[in-house]
Amino acid sequence: MTSLSVPPRGATTQPTGRTARPVGGGRDWRMAGEILLFTAPALTIFGLFVVWPILRAVQFSLYRWKGFGPLVDFVGLQNYVAVLTNEVFRGAVGHNLFIVVASILIQLPLGLGIALLLNRRIRGRGLLRTIIFVPYVLAEVIAGVVWFQLLQPGRGVVETLLGTVGLDGPYQGFLGTPELAMPTLMVVLTWKYVGLAVLLFLAGLQGVPDELTEAAQIDGATWWQIQRRVTIPLLGPTIRTWAFLSMIGSLQLFDMVWILTGGGPANATTTMATFLVNEGTKRQNYGIAAAASVVLFVIALTMAVLYQRFVLRRDTSDADVLRGVR
Amino acid sequence: MSTPMSMRGSIHESSDRSSRSTGAALATPSTSTVTDQPTGQATGDRHTPGSGRRRAPAERNGRGEGGVLVYLAALVVVALTLGPVLYAVLGGFRTNAQLAADPAGLPDPWVLDNYRRVITGSTFWTYALNSVAIAVITTVVTVVAGLMAAYPLARYQFRWREPLFMVFVVGLLFPATVAIIPLFILVTRDLSLGNTWWGVALPQAAFALPMTIVILRPFLMAIPREMEEAAIMDGASRLQFFWRVLLPLSAPGAITVGVLAFVGSWNAYLLPLLLLRGEMKTLPLGVADFSSQYSSDTAGVFAFTTLAMIPALIFFLAMQKRIVNGLQGAVKG
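Residues numbered from 1 in each chain as written. Chains lettered and ligands numbered in written order. Predicted model: local features only at pLDDT ≥ 70, side-chain atom pairs only at ≥ 80, totals over all residues. Heavy atoms only, no water.

K.L.:
Let's hear about the overall build of chain A: which residues, and what values?
P.N.:
Per the secondary structure count, chain A includes 14 helices and zero strands. Listed by position from the N terminus, the elements making up chain A come as α-α-α-α-α-α-α-α-α-α-α-α-α-α. By residue count, 55% of the 326 residues in chain A fall in the buried class. In chain A, 64% of the contacts between residues at least 6 apart in sequence involve partners at least 24 apart. (Helix = DSSP H or I, 4+ residues; strand = E, 2+ residues; numbered from the N terminus. Buried < 20%, exposed > 50% of the residue type's maximum accessible area, 1.4 Å probe, protein only. Contact = heavy atoms within 4.5 Å.)

In structure tokens, the structure reads:
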């Protein structure tokens, strides 16, 4: 019961009545009704469009089903075996893990560098901070379409610019050459998402007390020493939170890949999400698609739990938000 | 839930902390974008005599021999960030012949035809209308349902409070992709909402709810207990308190989650891709379609894409200040 209430009958164990336990009586029924009323819309929508489809995905994953007729062809774990032994899917898992690691390795130093740069007292800093966020605000699809045009083999501006410094573009283009497709994708993803890292880090930097850098300065530390010994360590919680968001995003990556390469060439950029959408919508293999989605979910959940346990645990505030996932 | 006083205090403190961190994590993009407000203010406020001395070395660092390099680095960052976007904008002002002859050149002469074709054609506007409608429905449903649910989760004491909250928190981890196939079947077959605004908006709202509730709950928790007591003394019921006190005070938080829901919906691709066809498509779908249908008409693609970028950018720039003010406002108390 909230502090609104005067101590109800039977609340004698609670000295103040503020934390009174809801025990019997009309008031509690009324409160239960209010709780139900207030949470009903959210619970209905969330249950119907999030929980139910996920449960159905688990169910579908146990059947061989082409999307029509009743769900009768129960195959147990066969779809999972099919997915886990599928070369394309295993490749997709590898690609997702590569993207998780590469995103952090590339965007962390880059984002940190730009954030430290923009944290200095330079002219037009506010404008710079807005500009760095522009790619992040654009829809992934729209950014993807622009990059697709820039990277057109033979006539895109990227190859033209390379040509002016005497470099030839690859014959099939950056996105059409299997060995180059993934690195190219990483470049585009970095362009799109480094702004988020920068802005989170800038926010974190505002929490670094002036007194600390001031003290270091008086002790004769150089700018770089201050950043390395004082500022960056204090950014720890922000960096860990950002890495978590980045990780989850990398595991779910779909839009950009679908637009840029469609998972190709020769499955060189397939992700778990493009795999399952492809199986589900193009081949109507709903059972396989559902099994793939469950695997994706289990991988995401496992990584989230491990991350929470071993990394985020140090930051109480983050632990609060993710407390339930332990 | 019956929690002893002391524990409750700590719960409040900790959620207060989490509010700040979530707030920081999610809202700061905008916070720091608009102005350098926080830093600026902090330094402005602290212009005590001593601070002049303190600032001097920092400024020398910024302007001294390192200064040129700093500006050069900033210039490179800006060029790399804006380059592709500006290239698309300018590309829309060129002809395909110009683009083919000199892909890296500037428009010469400037051609308005590509943009004119997109603006005078009906497809762009149809898609834009769908995008707006779906984003508005998503936002309204998310904010209303989220605020309502956050209220008892923040200010009522009951046994299932934390477990219920956890249901939504765990929801944060569900990628929409996982549920996409059953969602498609649910919406099109069971609910007959395929190819409708609501069919896309409701699932999008559902997936936006966890974040919304996680952000709003600390907002509502941070409103001082004394205000609630005062309202009760004046004879308000809990519902009246919600309407008259809590809603106005949580407006900044509601705006933040509203913007997040709107931008998320506006940029969404996968769900609309599966659910919408023909006249019902949204702008991202339109852009993708246009790009694959007229792949050789690069200038046309650039014009279409540029026009599709503008609303989100304008919306974001317009809302920035309100988000910042909101987050720096009432909640801190």
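Past the structure itself, the notes keep going.
K.L.:
Mind laying out the side chain of S265 of chain B, listing which residues take part and the relevant values?
P.N.:
All names here are of chain B. Of note, S265 is situated in helix α13 (residues 251–267). Given the relative accessible area of 8%, S265 is considered buried. Non-local contacts of S265, meaning those with residues more than four positions away in its chain, are made with I134, A135, T138 and Q204.

K.L.:
With reference to specific residues and values, describe the pattern of salt bridges.
P.N.:
The full count for this structure, using the stated rule, is 11 salt bridges over all chains. D73 of chain A is the salt-bridge partner of R64 of chain A, the closest N and O atoms lying 3.3 Å from each other. Residue D73 of chain A is classed as partly exposed on the basis of its relative accessible area of 33%. Measuring nitrogen to oxygen at the nearest pair gives 3.2 Å for the salt bridge that ties R161 of chain B to E162 of chain B. Considered together, R161 of chain B and E162 of chain B belong to a single accessibility category, that of buried residues. Here the salt bridges do not stand alone but share partners, grouping D113, R116, R117 and D297 of chain B into one network. (Salt bridge = Lys/Arg side-chain N within 4 Å of Asp/Glu carboxyl O.)

K.L.:
Can you explain the packing of helix α7 (residues 122–155) of chain B against helix α12 (residues 238–249) of chain B? Please cite residues and give values.
P.N.:
All names here are of chain B. Running from N to C, α7 and α12 cross one another at 110 degrees; their axes reach a closest spacing of 12 Å. When the interaxial angle is binned, α7 and α12 end up roughly perpendicular. The segment α7 lies against α12, with L147, M148, Y151 and R155 engaging R238, F241, F242, L246 and L247. In terms of residue class, the contact of α7 with α12 is built from seven nonpolar, no polar and two charged. (Axes fitted to C-alpha atoms, helices over the stretch in contact; angles between N-to-C directions. Parallel < 35°, antiparallel > 145°, perpendicular 65-115°, else oblique. Nonpolar A, V, L, I, M, F, W, Y, C, P; charged D, E, K, R; others polar.)

K.L.:
Tell me about the layout of surface pockets, and name the residues and values.
P.N.:
Picture a little ball the size of a water molecule; that probe, rolled over the atoms, points out where space is still empty. The volume enclosed by the second largest pocket comes to roughly 670 Å³. The wall of the second largest pocket is formed by 30 residues, among which W147 and W191 of chain A together with L80, T81 and P84 of chain B lie closest to the centre. Of all elements in the fold, only α3 (87–119), α4 (125–137), α5 (140–150), α6 (157–164) and α7 (178–205) of chain A together with α4 (65–91) of chain B reach the threshold of two or more residues within the lining of the second largest pocket. A per-element tally of the lining of the second largest pocket places α4 of chain B first, with nine residues. Its residues placed into classes, the lining of the second largest pocket shows 24 nonpolar, five polar and one charged. (1 Å grid on protein atoms, 1.4 Å probe; cavity = no way out; pocket = protein on both sides within 12 Å on 5 of 7 lines; lining within 4 Å. Points joined across faces, edges and corners; volume = space filled by probe spheres on them.)

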